[in-house]
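The lines below spell out each chain.
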Amino acid sequence: MNKDNPIAVLSKGFALRIVKLEKYLREEKKEFTLSRQILRSGTSIGANIRESIYAQSKADFISKMSIALK
């Protein structure tokens, strides 16, 4: 990950917080369905941002960032 890219850095921090939240929900609250969905949706943001960094074109970059924004 490029440490000069503030969006990538922030999305990684967000993903780490989501992982901790998922663990808390699963272990402390015994909530399994919601915690899995939170984990999938919360970490997909960073995955799409990471993909946008290596986009093949400007249109591909915009598409990946738009998905991450959703």
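Keep in mind it's a predicted model, so treat the numbers as computed, not measured.

Engineer: Give me the environment of Ile 67: which residues, what numbers.
Structural biologist: Structurally, Ile 67 can be placed in helix α3 (residues 58-69). Along the backbone, Ile 67 and Gln 37 are 30 residues apart, and their C-alpha atoms lie at a distance of 17 Å.

Engineer: Could you give an account of the pattern of salt bridges, with specific residues and numbers?
Structural biologist: Scanning all chains against the criterion turns up four salt bridges. The residue Glu 22 makes a salt bridge to Arg 26 at a minimum N-O spacing of 2.9 Å. Linking Glu 22 with Arg 26, this pair stays in helix α1 (residues 6-27), spanning four residues, or about one helical turn. For Arg 26, a relative accessible area of 31% translates into the label partly exposed. Residues participating in the shared-partner salt-bridge network are Glu 22, Arg 26 and Glu 27.

Engineer: Give a detailed account of the packing of α1 against helix α2 (residues 33-53), specifying residues and quantitative values.
Structural biologist: Direction vectors running N to C along α1 and α2 enclose 165 degrees, while the axes themselves pass 9 Å from each other. Classed by the angle they form, the pair α1 and α2 counts as roughly antiparallel. Our pair here, α1 against α2, has a crossing hand that is left-handed. Contacts between α1 and α2 involve Ile 7, Ala 8, Ser 11, Phe 14, Ala 15, Ile 18, Val 19, Leu 21, Glu 22, Leu 25 and Arg 26 from the former and Ser 35, Ile 38, Leu 39, Gly 42, Thr 43, Ile 45, Gly 46, Ile 49 and Ile 53 from the latter. Looking at the contact of α1 with α2 residue by residue, the class counts come to 13 nonpolar, five polar and two charged.

Rules and cut-offs
Residues numbered from 1 in each chain as written. Predicted model: local features only at pLDDT ≥ 70, side-chain atom pairs only at ≥ 80, totals over all residues. Heavy atoms only, no water. Helix = DSSP H or I, 4+ residues; strand = E, 2+ residues; numbered from the N terminus. Salt bridge = Lys/Arg side-chain N within 4 Å of Asp/Glu carboxyl O. Buried < 20%, exposed > 50% of the residue type's maximum accessible area, 1.4 Å probe, protein only. Axes fitted to C-alpha atoms, helices over the stretch in contact; angles between N-to-C directions. Parallel < 35°, antiparallel > 145°, perpendicular 65-115°, else oblique. Left-handed = near helix turned anticlockwise from the far one by under 90°. Contact = heavy atoms within 4.5 Å. Nonpolar A, V, L, I, M, F, W, Y, C, P; charged D, E, K, R; others polar.

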